[in-house]
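The lines below spell out each chain.
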Amino acid sequence: MNRIFTKENQPIIAASACILVILAIGYTINHNFVSANYLLQQLEVASFLGIIAGGSMLVILLGHIDLSIPWTITMAAMMGTAVAHVENTAGLLVFPVGLGCGALVGLVNGVGVAWLRVPSMIFTLGMNAVLQGLVVLYTGGAAPASHATQLMATLAVDRTFGIPNALFVWIAVSAILIFLLRATQFGRYLYSVGNRERAAYLSGVPTRLVIIGAFITSGITAALGGIMLTGYSTKAYQGMGDPYLLPAIAAIVLGGTNVLGGSGRYIGTVIGVLLIVLLQSMLSVLQMLEAGRQIIYGGVLLAMLLIYGRSSRLRE
Amino acid sequence: MSEFLRLKHITKRYGGVTALANVDFACSLGTIHAVVGENGAGKSSLMKLIAGVTRPDEGEIYVEDKPIKFVSPSDAAALGIVCIFQELSLLPDLSVADNISIADPPKRFGLIDRRRQRRIAEEVLQRVGCGDIHPDERVKDLPLSRQQMVEIAKALVRNPRLIIMDEATSALTARDVEHLYRIVRGLREQGVAVLYISHRMPEISALADICSVFRNGKHIETFPMSSRTTEEIVPMMIGREVARAYPEKPSTWSSSSNQPSAPSTKSTPSTTVHSRADTPTRPHAHPQMPPLLELKDLTWYHVLNGISLKLAPGEIVGLGGLDGQGQSELLLALFGVLRGLSGEVRIDGRPTTIEHPRQAKSRDIGLALIPQDRQTQGLLLPMSIEDNLVLAASSDLSRFGLIDRSREQAATNDVVDKLRILANNLSAPVRTLSGGNQQKVVIGKWLLKQPRILLLNDPTRGIDVGTKQELYRLMRELAGTGLGILFYSTDYEELIGMCDRVLVCYGGRLIRELSGPDLNEHNLITTSLNLSDNSDRPRDPMEEGRASSHAVEAPPTAPQSDAAPPKTPASHPSTPIRVDSRSIRVHSRSHTWSHTWSRFWKRNAGPLLSFFVFAVMFVLFASQQANGLSTNVLTSVSNKGVVLAFVAMAQTLVILTGGFDLSVGMVMTMTSCLSSVILNGSPGQTALAAFAILASGLLAGAINATIVVIGRIQPIIATLATGAIYFGIALLLRPSPGGEVNEDLSNALTYDVFGIPTTFLLLVGIILFVWWPFRNLVVGRNCYAVGSSEHAAYMSGLAIGRARFAAYALAGLLAACGGLLLSLISLSGEASSSQGGFYTLNSIAAVAIGGTSLFGGSGGFIGSICGAFVLRTISDLLFVFNAPALWQPLFQGLILLGAVCLGAVRVLRRKNQMEVFM
């Protein structure tokens, strides 16, 4: 029993309990809330947020933050769709180009944070502005192709054996991230740098490369999220990434990852994503106005933080 | 002489280690009371109790016969007990004058009286002989020795009844110490009790009336200083109640000079707990073989001054001397942490440059460092024992970057058995282990890497006796297998018991090698104190160099070429430059002027630069206008930037305290929506509405403050959550864009006074009537203090929570002003989340451009306002120059990114990589 209720698992258990409460409330309002179809639909919606949150979790594990996610999403979607209709490529350029953009953004972020030691909050913020500028510049002159390809639509919208394909993508991304975090040196280094970069450095951990690796991962997942979202909405558009930054951070934190870095389990992020998506969905089922949704959303976040997110008192 | 303080039966434990055991102690007014003892004798623990920093586990403290319970340093200060700590409690970003009066600043009309504060600082600095320190200088720009004098000055202005000086002279120059003697004697005349803790016996015999000897956490004896000589006191400090046992040293060894010596007299058979069965000669020591490690003339910024040594396989070489004579730096230098080394390092005779720890641990070098502070440098406390153990050897134990659990487990189990790490469960956090076992984990981590050279930086500090014995045994065993060990310890006895030879460090040099029969306690202590050196001071270059490693941005002291011909004091041949450069600063007017300017520039570079950038942009913008610099132009620029300026000011307050407020944009949005609903009607109604709007902002800020200060939630995430709530309220108030505001009021924004737009006047008003008073309020100054160093602020007894609360609450109010203005400018309200996000993020950007440190502690409103205007004017500027509108966002982003990268140049210059990695 004690192994389950470790300090690290408490937030995950609390968040899971919250999910059950939401499902119960939803069920009393509308029995369809717990139907397989509805839940699958929620999982599909959660997939997009889940993919984006997965990579940025690595950055938060380091004690950094990636605020460039919104426009990384948008830029990757734009660049991906731009090359989608090049002849004789069957739209296969989308992924290398889109994900490559994400990786490049991550690389620049990583260099700025790891080498120049600019606080990640401000560097990625600046990066976000630069990306926005680039996208505006790119889309402004002409109207470039921004329609999703068939492959993107298949991945984002279609279902296989009744299960949304987006969910499979999320599972695949999750499997890779769990593998990275648990089975590779990179994962261990990530936690060690997040805990105390100085001690990791003195143990000969290549701390700068670890930071760069995390930002690149974050960029790639944001880019993948952007490509998937394009498939889902059939079109890439400016500002499409804006609604994903804060929910992603909230999901990661609700899942028990320490904002200051060093601890957190991937499964927690998954639970956090589900919690946020279900919460949003329940609020819309309640036909609550956007205003009420925001207030409850913030209130739940605060309440959960007050339960388990408090830092310790000043030491002696 | 009346008794002031009495401790009865005091016991203090740290984890499993008893730092003080049943101590009775008293001191009287009007005496200088020296407390002496070896490292770890319990002196510092005693002082921390008296100063209210820690609380005793058992026993009572009486001040003037009344029992006292201290909760914090400020309680002790209230009774007139003031401590000068070894680790400084200064606030690095604040001025010298601020620091000196931090606890009880002089006030005038409720505001800090800066002029009087400066005078107080000048007086007290004069008193301690540091008239050369300018009261407006930032503490972090001073060399370490000056910082220590400021710390002393800070204690003196509090008019203490009992002053504790805990190694207060460790970084001082000879001249400073003479001043200090005079001060301390003066305090005695005034009837102050002085507790003087020092390693330096000459200081003690020169100063003290009464002396107490501590050893192993026990109070041994107190006696009048005149009744004993130094020669009698030293043995009392050493004593040996519990004879520690050391493993037998190999009977022959070759020191670097290849002179075989007789076995140590210390390792008598009775103390031998471990006798090795193998041959007495060490396996790998061979005269023809190059030494494992050889240093020639290793030098690093005056902290290491030409260190040469050799380390042979199987040898344990000690580094002795007082604390802080360059020993730690030497080990760090070898491990690749320090930049800018000169001299030669040879491994196996090969010249080698070691650039970082990752290279140091590689197989062909094979170094391992057990760092000084295991809690912050050696271990990842919340991570598991297993994870900590495999961290250094991770790449050896894995294949293609994949973790091989079974291989790791086998290896960790091995090392856990070998070191006898007592843990029920290797997946438990390493934090749960006792200090001794934690240290074993650090050592185990490096043993897994199979190093050839082990660098130990005081590895037995704070470890119980039993574990120490095990570590000793292990060290000898490892040496037996051919490892070379470089062993720095602050415990002389252990150096003597363990080392084949000991190199004594003083002022960054190796001043003597002790081995064989010479390696005894008396020699070690006398050499360490450098009693043969009259000044008993580290050489000055040493002190200068330490300063440069601490305050990297410190300006060079007046260049040598400017100095008058050095008058060399006969007794300190090595100090002329320093003494002269200082006297120059005091006497030469022209230098004072340039110093004033450099001080001003250092403090205000951010605001000045951002103002300059804005001014250039504005002139360019105005020059392209048809009517030139008309009021219209001014008004449009001012009105465009004013909202962001307010939000940026709000953000500035929070960032100054070391936090972030991600809800400012949402508070601004909420209040602008509120004003689009209620800011209407008769003048009376409008005024009332304006008041309600500002109050709602203040309330929002207070809620943030409560959650952060009392709820103790990370500011970033707390304000993220409250931001959602405020945005929800904004949506409630204004579900769709629209509404209207009082027209007279909004028209007022287009008015001007003598050509100066009202919004600009408003900003000036805020600077004069909000910012300036706030800065000069104690609570405002404390905001800076908290952001600069929370720990030092706590040690100085400041009201940390109150300062934070004020910052967040006032930030809400300022954001509400921004919201009010936005609604007046746009004549409506809109609950747009992208608008809120835009303002939040750009407020941080404006703060960064304005030169406020994002880590807190320095900066201000003016810079942030300039930053906001820079950000808001870019687009207009690009527009008038016919730059395609499409380029604007890109330019904005690049300017922001460029501005924040400018600060990076500083980081790249760091000489000690430890300071880069937090």
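Student: I'd like a rundown of the overall build of chain B, residues and numbers included.
Tutor: When helices and strands are counted, chain B shows 35 helices and 24 strands. Expressed as a percentage of its 918 residues, the buried residues of chain B come to 58%. When contacts within chain B are restricted to residue pairs at least 6 apart in sequence, long-range pairs at least 24 apart make up 73% of them. As displayed, chain B offers around 35700 Å² of accessible surface, 57% of which is attributable to carbon and sulfur atoms.

Student: A description of the overall build of chain A should follow, citing residues and the corresponding values.
Tutor: Scanning chain A from N- to C-terminus turns up 13 helices and two strands. Every one of the 316 residues in chain A was classed for burial, and the buried ones make up 59%. Considering only intrachain contacts with a sequence separation of at least 6, the fraction spanning at least 24 residues in chain A is 78%.

Student: For the packing of aromatic side chains, give the residues involved together with the corresponding values.
Tutor: Residues and elements named next belong to chain B. Enumeration according to the criterion identifies twelve aromatic pairs over all chains in this entry. Taking 4.2 Å as the distance between ring centres and 15° as the angle between the ring planes, the aromatic pair formed by W771 and F861 counts as stacked. One end of the pair, W771, is in helix α27 (residues 758–776); the other, F861, is in helix α32 (residues 861–880), and 90 residues separate them in sequence. By the burial criterion, W771 is buried, and F861 matches it.

Student: Would you mind going over helix α8 (residues 185–195) of chain A in detail, with residue names and values included?
Tutor: For an α-helix, 3.6 residues make a turn, and residues three or four places apart therefore share a direction. Of all eleven residues that make up α8 of chain A, eleven are buried, and the element is covered over most of its length. Regarding α8 of chain A, the residues found buried are Q185, F186, G187, R188, Y189, L190, Y191, S192, V193, G194 and N195 of chain A.

Student: Tell me about the interface of chain A and chain B, and name the residues and values.
Tutor: Facing the 69 residues of chain A at the interface are 86 residues of chain B. Together chain A and chain B conceal approximately 6800 Å² of surface at their shared face, both sides included; 71% is due to carbon and sulfur atoms. Here chain A is connected to chain B by two salt bridges. For R188 of chain A, the salt bridge goes to D387 of chain B, with nearest N and O atoms at 3.5 Å. At the surface where chain A touches chain B, the tally comes to nine residue pairs in polar contact (both at pLDDT 80 or more). Mapped by element, the contributors of at least two residues to the side of chain A that touches chain B are α5 (120–141), α7 (165–183), α8, α9 (197–202), α10 (207–233), α11 (245–254) and α13 (290–308) of chain A. Sorting elements by how many residues they give to the side of chain A that touches chain B places α5 of chain A first, with 14 residues. Residue composition of the side of chain A that touches chain B, by class: 39 nonpolar, 17 polar and 13 charged.

Student: Let's hear about the sheet that holds strand β10 (residues 193–197) of chain B: which residues, and what values?
Tutor: Residue and element names in this part refer to chain B. Taken together, the six strands give an open sheet; going across it, the order is β6-β9-β10-β3-β11-β12, and neighbouring strands pair in mixed fashion. The strands lining the two open edges of the sheet, one partner per strand, are β6 (81–84) and β12 (218–224). Pairs of neighbouring strands in the sheet enclose a mean axial angle of 15°, with direction left out of account. Relative to β12, strand β11 (residues 210–215) runs antiparallel, the two being bridged by six bridges. Opposite S212, over in β12, you have T222 as the bridge partner. Most of the contacts of helix α1 (residues 43–50) go to strand β9 (residues 162–166), to which it runs at about 150°, and overall it touches β3 (32–36), β6, β9, β10 and β11. Taken strand by strand, helix α5 (residues 144–156) contacts β6 and β9, and its axis lies near 180° from that of β6.

Student: Can you tell me about the pairing of β11 of chain B, naming the residues and giving the values?
Tutor: Residue and element names in this part refer to chain B. In terms of burial, β11 is largely enclosed, as five of its six residues are buried. Of the pairings in the sheet, the one linking β3 to β11 comprises four bridges and is parallel in character. Directly across from H33, in β11, lies its bridge partner I210. Between β11 and β12, which pair antiparallel in sequence order, lie two residues; one of them, N216, sits at a positive phi of approximately 50°.

Student: Describe the pattern of salt bridges, listing the residues and the values that go with them.
Tutor: Scanning the model with the defined rule gives 27 salt bridges over all chains in all. Between D209 of chain B and R188 of chain B there is a salt bridge, with its nearest N and O atoms 2.5 Å apart. Highlighted residues: D209 of chain B in the loop between α7 (201–207) and β11 and R188 of chain B in helix α6 (residues 174–189), separated in sequence by 21 residues. Using a relative accessible area of 26% as the deciding quantity, one classes D209 of chain B as partly exposed. Across the pair E470 of chain B and K440 of chain B runs a salt bridge, and its minimum N-O distance is 2.8 Å. Here the residue E470 of chain B occupies a position in helix α16 (residues 465–480), and K440 of chain B occupies one in helix α15 (residues 435–447), the gap between them amounting to 30 residues. You can call K440 of chain B buried: its relative accessible area is 4%. Bridged by salt links that share partners, the residues R188 of chain A together with D387 and E408 of chain B form one connected network.

Student: Describe the packing of helix α3 (residues 69–82) of chain A against helix α4 (residues 94–114) of chain A, listing the residues and the values that go with them.
Tutor: Residue and element names in this part refer to chain A. One can describe the packing of α3 onto α4 by two numbers: an axis separation of 8 Å at closest approach and a directional angle of 150°. Comparing the axis directions of α3 and α4 gives the class roughly antiparallel. Two packed elements cross with a definite hand, and for α3 against α4 that hand is right-handed. The segment α3 lies against α4, with T72, M75, A76, M79 and G80 engaging V94, V97, G98, C101, G102 and V105.

Student: Give me the lowdown on the sheet that holds strand β22 (residues 509–515) of chain B, citing residues and values where you can.
Tutor: Residues and elements named next belong to chain B. Taken in spatial order, the six strands line up as β18-β19-β20-β15-β21-β22 in an open sheet, and their pairing is mixed. Looking at the sheet topology across the chains shown, the edges are occupied by β18 (367–370) and β22. For this sheet, the mean inter-axis angle between neighbouring strands, taken without regard to orientation, is 20°. Judged from the four bridges that link them, strand β15 (residues 316–320) and strand β21 (residues 501–506) form a sheet pairing that is parallel.

Student: Lay out a positive patch on the surface with the relevant residues and their values.
Tutor: All names here are of chain B. A contiguous patch of positive charge on the surface is contributed by R108, R115, R116 and R119. Among the elements that line the positive patch, the one with the most residues is helix α4 (residues 114–127), at three residues. Here R108 shows up in strand β7 (residues 107–108).

Student: For the confidence of the model for chain B, give the residues involved together with the corresponding values.
Tutor: Residue and element names in this part refer to chain B. Across chain B, the average pLDDT comes to 80, with 85% of residues at 70 or higher. Note on residues 253–286: pLDDT under 50 across the span, and 61 contacts to partners over four residues away in sequence or across chains. Within the model, pLDDT remains below 50 along residues 533–590, and this stretch shows 99 contacts once partners closer than five positions in the same chain are excluded.

Student: Describe α1 of chain B, listing the residues and the values that go with them.
Tutor: Residue and element names in this part refer to chain B. Most of α1 sits out of view: six of its eight residues are buried. When we look at burial in α1, the residues that qualify are K43, S45, L46, M47, L49 and I50. G52 occupies a position one or two residues after α1 and carries a positive phi of about 80°.

The rules behind the values
Residues numbered from 1 in each chain as written. Chains lettered and ligands numbered in written order. Predicted model: local features only at pLDDT ≥ 70, side-chain atom pairs only at ≥ 80, totals over all residues. Heavy atoms only, no water. Helix = DSSP H or I, 4+ residues; strand = E, 2+ residues; numbered from the N terminus. Buried < 20%, exposed > 50% of the residue type's maximum accessible area, 1.4 Å probe, protein only. Contact = heavy atoms within 4.5 Å. Areas by Shrake-Rupley, 256 points an atom, 1.4 Å probe, with all protein chains shown as cover. Phe/Tyr/Trp six-rings, centres within 6.5 Å; stacked < 30°, edge-to-face > 60°. Buried area = accessible area lost by both parts, 1.4 Å probe. Salt bridge = Lys/Arg side-chain N within 4 Å of Asp/Glu carboxyl O. Polar contact = N/O pair within 3.5 Å; in protein donor to acceptor, adjacent residues only side chain to side chain. Nonpolar A, V, L, I, M, F, W, Y, C, P; charged D, E, K, R; others polar. Pairing = 2+ DSSP bridges. Axes fitted to C-alpha atoms, helices over the stretch in contact; angles between N-to-C directions. Parallel < 35°, antiparallel > 145°, perpendicular 65-115°, else oblique. Left-handed = near helix turned anticlockwise from the far one by under 90°. Patch = residues over 30% accessible without salt bridge, like charges linked within 9 Å, V, L, I, M, F, W, Y side chains within 5 Å. Lys, Arg positive; Asp, Glu negative; His and termini not counted. Charge placed at Lys NZ, Arg CZ, Asp CG, Glu CD. pLDDT = per-residue confidence, 0-100.

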